[in-house]
Amino acid sequence: MNDMAPWQRAASGAGLLGADGSMAATIFAEMSALAARTGAINLGQGFPDEDGPPAVLEAARDAIAEGVNQYPPGRGMPVLREAIAEHQERFYAIRLDPDREVLVTAGATEALAATILALVDAGDEVVTFEPFYDAYGALIALARGIHRTVPLRLPDFQPDLDELRAVVSDRTRVILLNSPHNPTGAVFGVEVLREIVALAERHDAIIVTDEVYEHLLFDGVHTPISTLDGARDRTVTISSGGKTFSTTGWKVGWLTASAPLLEAVLAVKQFLTYVNGAPFQPAIAVGLRLPDSFFADAASALRAKRDLLSSGLTAAGFTVGLPQAGYFVVADAAAAGHPDAARLCRELPSLASVVAVPVTAFVHAEHRDAYRSLVRFAFCKRTEVIEEATRRLAALPSRSTR
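All of these numbers come straight from a predicted model, not from anything done at the bench.

Criteria and thresholds
- All residue numbers refer to positions counted from 1 along the written sequence of the respective chain.
- Confidence filtering applies because this is a predicted model: local features only for residues at pLDDT of at least 70, side-chain atom pairs given and counted only at 80 or more, and all residues used for totals across whole chains, interfaces and linings.
- Excluding hydrogens and water, the side-chain values take into account all heavy atoms of the structure.
- Only DSSP runs of H or I reaching four residues or more are called helices, and only runs of E reaching two or more are called strands; each is numbered from the N terminus.
- Three labels apply to residues, based on accessible area from a 1.4 Å probe with only protein chains included: buried if under 20% of the type maximum, exposed if over 50%, partly exposed otherwise in between.
- Should any heavy atoms of two residues lie within 4.5 Å, those residues are considered in contact.
- Surface accessibility in these figures is a Shrake-Rupley result with a 1.4 Å probe; residues are shielded only by whichever protein chains are displayed.
- Working convention for charge: Lys and Arg count positive, Asp and Glu count negative, and His plus the chain ends are omitted.
- In this description, the location of a charge corresponds to atom NZ of lysine, CZ of arginine, CG of aspartate or CD of glutamate.
- Here, nonpolar core means buried Ala, Val, Leu, Ile, Met, Phe, Trp, Tyr and Cys residues that are tied together by side-chain atoms lying within 4.5 Å of each other.
- With a 1 Å grid spanning the protein atoms alone, the term cavity applies to any set of points in which a 1.4 Å probe fits but cannot get out, the term pocket to an open set with protein on both sides within 12 Å along at least five of seven lines, and the term lining residue to any residue with an atom within 4 Å of a point.
- Grid points are joined across faces, edges and corners, and a volume is the space filled by probe spheres set on the points.
- Throughout, the ten residues Ala, Val, Leu, Ile, Met, Phe, Trp, Tyr, Cys and Pro are labelled nonpolar, Asp, Glu, Lys and Arg are labelled charged, and all others, Gly among them, are labelled polar.
- These domain limits were set by an automatic method or by a database of domain assignments.
- By definition, the buried area sums, over both parts, the 1.4 Å-probe accessible area that each loses when the two are put together.
- Basic side-chain nitrogens of Lys or Arg form a salt bridge, by our definition, when they fall within 4 Å of a carboxyl oxygen of Asp or Glu.
- Residues adjacent in sequence count toward polar contacts only when both atoms are side-chain atoms; beyond that, a polar contact is any pair of N or O atoms within 3.5 Å, and within protein one must be able to donate a hydrogen and the other to accept it.
- By this rule, a helix spans an expected 1.5 Å times one less than how many residues it contains.
- Two strands make a pair as long as DSSP finds a minimum of two bridges between them.
- Orientation is described by axes fitted as lines to C-alpha atoms, over the contacting stretch for helices, and by angles from 0 to 180 degrees between their N-to-C directions.

Colleague: Where do I start with the overall build of the protein in this structure?
Modeller: Looking only at helices and strands, the protein has 13 helices and 13 strands in total. Dimensions along the principal axes, computed over C-alpha positions, put the protein at roughly 60 × 50 × 40 Å. Counting all 402 residues of the protein, 56% fall into the buried class. Considering only residue pairs separated by 6 or more positions, the protein has 74% of its internal contacts joining residues 24 or more positions apart. Approximately 16300 Å² of the protein is accessible, and the part contributed by carbon and sulfur atoms is 51%. Mean positive and mean negative side-chain charge positions of the protein (36 and 48 charges, respectively) differ by 4 Å.

Colleague: Could you clarify how one ought to interpret the nonpolar core in this entry?
Modeller: The biggest cluster of nonpolar side chains holds 71 residues, and the ones touching the most others in it are Phe-318, Leu-348 and Phe-377. Those residues in contact with Phe-377 that lie beyond four places of it in its chain are Leu-43, Leu-309, Leu-313, Phe-318, Tyr-327, Phe-328, Val-329, Ala-331, Leu-348, Val-354, Ala-356 and Leu-393. Within the second largest apolar cluster, 27 residues are counted, among which are Ile-175, Leu-177, Ile-225 and Tyr-371.

Colleague: For this particular structure, what's the right way to read empty space enclosed by the protein?
Modeller: In the structure shown here, the tally under the stated rule is 2 cavities of 30 Å³ or more. Every residue along the wall of the largest cavity is listed here: Ile-94, Leu-96, Ser-226, Arg-232, Thr-235, Thr-237, Thr-256, Ala-257 and Ser-258. Classifying every residue of the lining of the largest cavity by side-chain character gives 3 nonpolar, 5 polar and 1 charged. In this model, the second largest cavity occupies a volume close to 40 Å³. Considering the residues around the second largest cavity, the lining is formed by Gln-88, Glu-211, Glu-214, Thr-237, Ile-238, Ser-239, Trp-254 and Thr-256. Counting residues per element, the lining of the second largest cavity draws most heavily on strand 7 (residues 235-240), which supplies 3 residues. When its residues are assigned to classes, the lining of the second largest cavity shows 2 nonpolar, 4 polar and 2 charged.

Colleague: What exactly am I supposed to notice about the domain arrangement of the protein here?
Modeller: How big an interface is tends to be expressed through the accessible area that disappears when the partners come together. Domain boundaries in the protein define domain 1 (6-51 + 294-394) and domain 2 (54-289). At the interface, 34 residues of domain 1 touch 41 residues of domain 2. Summed over both partners, the interface of domain 1 with domain 2 buries about 3200 Å², with 64% contributed by carbon and sulfur atoms. The largest share of the area that domain 1 buries against domain 2 comes from Phe-295, Gln-324 and Phe-362, three residues that together contribute 22% of it. Seen at the junction of domain 1 and domain 2, the total is 1 salt bridge. Here Asp-219 makes a salt bridge to Arg-303, at a shortest N to O gap of 3.0 Å. Taken together, the connections running from domain 1 to domain 2 amount to 15 residue pairs in polar contact (both at pLDDT 80 or more).

Colleague: Could you clarify how one ought to interpret unusual backbone geometry in this entry?
Modeller: The linkage connecting Leu-154 with the following residue, Pro-155, adopts the cis geometry, with an omega of 10°. Relative to the elements of secondary structure, Pro-155 occurs in the loop between strand 4 (146-151) and helix 7 (161-167). The step from Asn-182 to Pro-183 runs through a cis peptide bond, and the omega angle for that step is 20°. Note on placement: Pro-183 falls in the loop between strand 5 (172-178) and helix 8 (190-203). We note that Arg-144 has phi near 65°; this positive angle belongs to a residue other than glycine. Mapped onto the elements of the fold, Arg-144 is located in the loop between helix 6 (135-142) and strand 4. Taking relative accessible area as the criterion, Arg-144 reaches 46% and is therefore assigned partly exposed. Even without being a glycine, Asp-204 presents a positive backbone phi close to 55°. Tracing the backbone shows Asp-204 in the loop between helix 8 and strand 6 (206-210).

Colleague: Help me understand helix 11 (residues 292-315), please; the structure alone is not making it clear to me.
Modeller: Given 3.6 residues to a turn, an α-helix orients residues that are three or four positions apart in the same direction. The terminal C-alpha atoms of helix 11, which comprises 24 residues, lie 35 Å apart, in line with the 34 Å expected from a rise of 1.5 Å per residue. For helix 11, the set of buried residues is Phe-294, Phe-295, Ala-299, Leu-302, Lys-305, Arg-306, Leu-309, Ser-310, Gly-312 and Leu-313. Summarising the contacts, the buried residues of helix 11 are in contact with helix 4 (78-92), helix 10 (280-288), strand 9 (319-321), strand 10 (328-332), strand 13 (374-378) and helix 13 (383-394). Gly-317 lies just past helix 11 and shows a positive phi near 105°.

Colleague: Would you take a moment to explain the environment of Ala-200 for this structure?
Modeller: Inspection of the secondary structure puts Ala-200 in helix 8. In the structure, Ala-200 is positioned 14 residues away from Ala-186 in sequence and 21 Å away in space, judged by C-alpha atoms. Beyond its immediate stretch of four places on either side in the chain, Ala-200 contacts Ile-175, Ala-205, Ile-207 and Arg-234.

Colleague: Sorry, what's going on with the sheet that holds strand 6 here?
Modeller: Reading across the sheet, the 7 strands line up as 2-8-7-6-5-3-4 and stay open at both edges, with mixed pairing between neighbours. Among the strands making up the open sheet, the edge pair consists of strand 2 (102-105) and strand 4. Within this sheet the neighbouring strands show an average axis-to-axis angle of 20°, counted without direction. Contacts between helix 4 and the sheet are confined to strand 2 and strand 8 (253-256), with strand 2 contributing the most and set at about 120° to the helix.

Colleague: Quick question: what am I supposed to make of the pairing of strand 13 here?
Modeller: Looking along a regular strand, one sees side chains alternate from face to face of the sheet. Taken across its 5 residues, strand 13 has 5 buried, putting it largely inside the fold. The side-chain alternation of strand 13 yields two buried faces, one formed by Leu-374, Arg-376 and Ala-378 and the other by Val-375 and Phe-377. Examined bridge by bridge, strand 10 and strand 13 share 5 bridges and lie antiparallel to one another. Pairing of Asp-332 across the sheet is with Leu-374, part of strand 13. As paired elements, strand 12 (residues 357-358) and strand 13 share 2 bridges and run antiparallel to each other. Along strand 13, the bridge assignment pairs Pro-358 with Val-375.

Structure, rendered in structure tokens:
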């Protein structure tokens, strides 16, 4: 692996190299191509099929008409950085300096990339929870870091604290937390967050937290780990407007951190995209300043879709664990007679004209057996689309009956 080019190391670390060393298509590209080719309903990709709030869309149109079409400042437009700081204080009582502690990025993925590349040196260990968002493995490999994982298991996908303690050590540079979690929809309890902070303090690690689903909880409220004692100065908090405002294609994200940490990340970020999305930045600022009722209604609407899809999957024979947040439900296909989720997902377009993604796409190859029968379905779609998908899934034959 040391003789590989950086892109090959990253691809290999994410399991994206074919047997001949060339790039293999990701399962997401494969499933989306299947959906397009077969006309199947695509519940594989996590993007909404409805536009976001009219005020946010109108603000983007106004910005374009007003000439906000050139490079914005490298840290992001002041109007958005100020709105992010206001948002953090409004919802979480976190006070930030918008000029020194807020950085606008090209989506949360660029924020993750810049942070990992800035903070991780060759041989440093990065701890994530598994299953993990697929970019994590590739970015850690690109930084020449060592990826360690803590398993999340059915029924609640909460980490075992003893297993967490066993993985974190003095070699750990970053503990990368994703809560609310993709793909499982789990929300980590405060006791888990406190243990992460304690371990980070004990081993002098940095906490990086991916909170893009922060407003899409179905019960309770989001607790940023940076609000806990001892966390603030060692935490990089990452989020974006894409999931909250149904504007995933705009790729407007941000990170907040103490000034020294942010400066380290900025040193890398300025050589990635440098800047992005000038007219979308003031529009996302409008979104962040929407009334509380918008955020509550968005979560409530998504919860109804979660319940609709979960009921349909249960009726089709799947075992379903209700997610606490996010865009996705994880279903165990073994009870429906399909123990191999990867095989099922490749056959599902012809069997039921629906596309989903196997959870094995989010785990290291050597750990796939533990997740072999699990499938991720997206419910961030129009209600009528979910209703039609559940009707099709209801006719899914068991492998034992075929």
